[in-house]
Amino acid sequence: MNEILQVKNLKKYFNVSGGTLHAVDDVSFTMKYGETLGIVGESGCGKSTLGKAILRLVQPTSGEVIFEGRDITRIGNKELTALRPKMQMIFQDPMSSLNPRMSVSQQIAEPLMIYNVYRNKADMDKRVLELMDTVGLARRYVDTYPHELDGGRRQRIGVARALALNPKLIVCDEPVSALDVLIQAQILNLLQDLQKEHGLAYMFITHNLSVVKHISNDICVMYLGQVIEQCNTKELFRNTLHPYTKALLSAIPVPSLNKTRERIILKGELASPIDPKDACRFAPRCIYAKEKCHNCAPELVDVGGNHKTACHYVKEINGL
Amino acid sequence: MSEKVLEVKNLIVHYETQDGVAEAVNDVSFSISAGETLGLVGETGAGKTTIALTIMGLLPKPAGCVISGEVLIDGRNITETSRNRAKQRKNDRMMRRLRGNDVSMIFQDPMSALNPVMRVGDQISEVIRLHSSASRAVATQKAMEMMELVGIPGVRFKDYPHEFSGGMKQRIVIAMALACNPRVLIADEPTTALDVTIQAQVLELMNDLKRQFNTSLLMITHDLGVVAEMCDKCAVIYAGQMVEHGTVEHIFNNAQHPYTQALFSALPSLDKDVDRLKSISGLMSDPMDLPPYCTFYERCDARCHRCMELDPPLTESEPGHFVKCVHFMKDNGAPSPKEGAAAAEASL
């Protein structure tokens, strides 16, 4: 068994006043042990909801999440509690995900206490210090509170807490977006080191394509709740197929003066995810859109080499 | 070069708090000519926003005080360093006339920059009516024109901010800032809160408008990609000091200060494959407790004994390119940065 996680046709709909909001619409993918899957997309495309649905922090509407060979979407609370230590999450903003009234050691010890891992406090304190060493947090901070620390150190607490119960899968929801570049580089290096050491699988949710390229083995690009392109990282950047991914790549400001890239500026903004009609959701902003795109939703199909994309005219656009 | 529209000379700004004095801006000087864009780059807490607020005369009172230095707009000094109440009030009155008219600012988060209970059209025409004798009808007309200019249909004049998306709100803020055709526009992280595709739209809009109105732009950002796209000159700020200053070609093709180099190497690249990012350890010095020597010493790869002995001045290393580093001082008695790095490695 090579796969740690298989997601099949996962859907999460929310009932809102205007109708049904399709936050995650029919998403499928697999993740292997010790590898990183990047989920990229703009705000509102459903990437965070996807992460939470997989951990069952929100209950999926339909579909399967098969974690280590077992569908977890329908299991009861008791079984779920038993599974939680294996799947953890790191949140975007460490300030709002940490309890401001708990010291660093209490924050890190909390999961250990909930799961009664240690009989006595001395063992637990030892483990907390070990975890602090693992994430590179100096031991002198053990009794400090989150407000006394900077963003990078706070995020290290978040990482230590996620690691406390020796998980196999960590969903990282924009873990470096709130950090400065130098700190961002430190945290990314830390996550990579931990992955090598503990064989962790990461689901890495971000809007930053250069970060996701750096850290991921595979990438899913999401647009309005759907995966529109999915393949190996190298393949995605070498051979971008979907017009949205192309526009996304060309929109990133590159810190270099020698680049004369063709800029595709997308018109308009994300359409509403409430009761979308049967059409390509990107069509209103797409420069290649034809009549078919507005009347029929494209399926995610493999165009060769395990490179999947959802576009009616992918062959014509890319001259395949 | 044409005349200088904005000039900042030896600006020193402190925040006086109960816990002590935070030296937020320490001796920063730069100038912007008409139609030129200067990028101000640095980490959180480096003092970028404080510089912007000082230019706008919006420093939080009473904590923030301009200790010394001058900010000149079209050659006219607009800072008041005196603690005399009457003088400060007079300066405040003058600033109220200047703000929005000669110099205006775009803030990072458009939602908190707009008044949520006021129609966007009224918010734009308010600026026009405050700074000109235009009648309500004329101001409304002008506000609609401004909205069309930034790509928002004039019929949305009567909508409230919450009815717009983030990108559109930022466009409204830009329309507001440019309504009186200011000489200087300060943009404080204008696209940080936006998605990349929307960011691309907003940056293009700003570039167009800048050219159209010949506005000078001070662009504050932590994104070097945005600087490469928008700016003519670039200044790197570290712990309230300017550590490197030059044209974008100088900074991007020949970064000389170790901090600037570290910033570039910490960025994951889209073109190259790197296994591990290069990062420097440690944190920026606390502005409450700045060392008397080079502020970057603790984190520097190229440090040597001389770095701890003096606070290096900003030195011109090549025409128009300034670096604040011992290694670029003339007759400094220090080894070149490369030798310095080798020595530092050997000592480890």
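Further up the page is the structure itself.
Model, not experiment: these values are computed from the prediction.

## Describing the packing of aromatic side chains
For step 1, the next point in the chain: Scanning the entire structure with this criterion turns up eight aromatic pairs over all chains.
For step 2, the next point in the chain: When the centroid spacing of 5.2 Å and the interplanar angle of 80 degrees are considered together, the rings of Y223 of chain A and F282 of chain A count as edge-to-face. Of this pair, Y223 of chain A sits in strand 9 (residues 218-223) while F282 of chain A is found in the loop between helix 10 (243-251) and helix 11 (291-295), placing the two residues 59 residues apart along the sequence.
For step 3, the next point in the chain: Since its relative accessible area comes to 2%, Y223 of chain A is described here as buried.
For step 4, the next point in the chain: The exposure class assigned to F282 of chain A is buried, which follows from its relative accessible area of 3%.
For step 5, the next point in the chain: Here the guanidinium or amino end of K12 of chain A rests over the ring plane of F14 of chain A, the centre of that ring lying 4.9 Å away.
For step 6, the next point in the chain: The cationic tip of R303 of chain B hangs over the ring face of Y297 of chain B; the distance from NZ or CZ to the ring centre is 5.2 Å.

## Observations concerning the sheet that holds strand 1 (residues 3-16) of chain A
Sheet strands pair by backbone hydrogen bonding; their relative direction is either parallel or antiparallel.
All names here are of chain A.
For step 1, the next point in the chain: If you walk across this open sheet you meet the four strands as 2-1-4-5, and the pairing is antiparallel. If you trace the sheet from one side to the other, it starts and ends with strand 2 (19-32) and strand 5 (70-71), each paired once.
For step 2, the next point in the chain: Relative to strand 5, strand 4 (residues 62-67) runs antiparallel, the two being bridged by two bridges. If you follow I66 over to strand 5, its bridge partner there is D71.
For step 3, the next point in the chain: Strands strand 1, strand 2 and strand 4 of the sheet are contacted by helix 1 (residues 47-54), whose axis makes an angle of about 115 degrees with strand 1.

## A few points about a positive patch on the surface
Residues and elements named next belong to chain B.
For step 1, the next point in the chain: Positive charge collects at one region of the surface, where R76, R85, K87, R89, K90, R93, R96 and R97 lie side by side.
For step 2, the next point in the chain: Among the elements that take part in the positive patch, helix 2 (residues 85-98) stands out by supplying seven residues, more than any other.
For step 3, the next point in the chain: When you line up the elements, R76 lands in strand 5 (residues 76-77).
For step 4, the next point in the chain: Classification of R76 by relative accessible area gives partly exposed; the value is 42%.

## Some thoughts on the environment of D122 of chain B
For step 1, the next point in the chain: Of note, D122 of chain B is situated in helix 4 (residues 120-131).
For step 2, the next point in the chain: The spatial distance from the C-alpha of D122 of chain B to the C-alpha of A34 of chain B is 30 Å, given a sequence separation of 88 residues.

## Description of the pairing of strand 4 of chain A
Successive side chains on a regular strand alternate, one facing one side of the sheet and the next facing the other.
Residues and elements named next belong to chain A.
For step 1, the next point in the chain: Pairing analysis gives five bridges linking strand 1 to strand 4, with the strands arranged antiparallel. Within strand 4, the position partnered with K11 by the bridge is S62.
For step 2, the next point in the chain: Joining the antiparallel neighbours strand 4 and strand 5 is a turn of two residues, in which E68 adopts a positive phi near 50 degrees.

## Some thoughts on the nonpolar core
For step 1, the next point in the chain: Judged by nonpolar contacts, the single largest core of 145 residues is most densely connected at F30, I55, I124, I174, I186, M206 and M219 of chain B.
For step 2, the next point in the chain: Every residue in contact with I186 of chain B, bar those within four places of it in the chain, is listed here: A52, I55, M56, V103, S104, M105, I106, L218 and I220 of chain B.

## Regarding the packing of helix 4 (residues 104-114) of chain A against helix 5 (residues 121-134) of chain A
Residues and elements named next belong to chain A.
For step 1, the next point in the chain: Direction vectors running N to C along helix 4 and helix 5 enclose 115 degrees, while the axes themselves pass 10 Å from each other. Classified by the angle their axes make, helix 4 and helix 5 are roughly perpendicular. Of the two elements, helix 4 crosses helix 5, and the hand of that crossing is right-handed. Two secondary-structure elements touch here, helix 4 through V104, S105, I108, A109, L112 and M113 and helix 5 through M124, R127, V128, L131 and M132.
For step 2, the next point in the chain: Looking at the contact of helix 4 with helix 5 residue by residue, the classes come out as nine nonpolar, one polar and one charged.

The rules behind each value
- Residues numbered from 1 in each chain as written.
- Chains lettered and ligands numbered in written order.
- Predicted model: local features only at pLDDT ≥ 70, side-chain atom pairs only at ≥ 80, totals over all residues.
- Heavy atoms only, no water.
- Phe/Tyr/Trp six-rings, centres within 6.5 Å; stacked < 30°, edge-to-face > 60°.
- Helix = DSSP H or I, 4+ residues; strand = E, 2+ residues; numbered from the N terminus.
- Buried < 20%, exposed > 50% of the residue type's maximum accessible area, 1.4 Å probe, protein only.
- Lys NZ or Arg CZ within 6 Å of the ring centre and 35° of its normal.
- Pairing = 2+ DSSP bridges.
- Contact = heavy atoms within 4.5 Å.
- Axes fitted to C-alpha atoms, helices over the stretch in contact; angles between N-to-C directions.
- Patch = residues over 30% accessible without salt bridge, like charges linked within 9 Å, V, L, I, M, F, W, Y side chains within 5 Å.
- Areas by Shrake-Rupley, 256 points an atom, 1.4 Å probe, with all protein chains shown as cover.
- Salt bridge = Lys/Arg side-chain N within 4 Å of Asp/Glu carboxyl O.
- Lys, Arg positive; Asp, Glu negative; His and termini not counted.
- Charge placed at Lys NZ, Arg CZ, Asp CG, Glu CD.
- Core = buried A, V, L, I, M, F, W, Y, C linked by side-chain atoms within 4.5 Å.
- Parallel < 35°, antiparallel > 145°, perpendicular 65-115°, else oblique.
- Left-handed = near helix turned anticlockwise from the far one by under 90°.
- Nonpolar A, V, L, I, M, F, W, Y, C, P; charged D, E, K, R; others polar.

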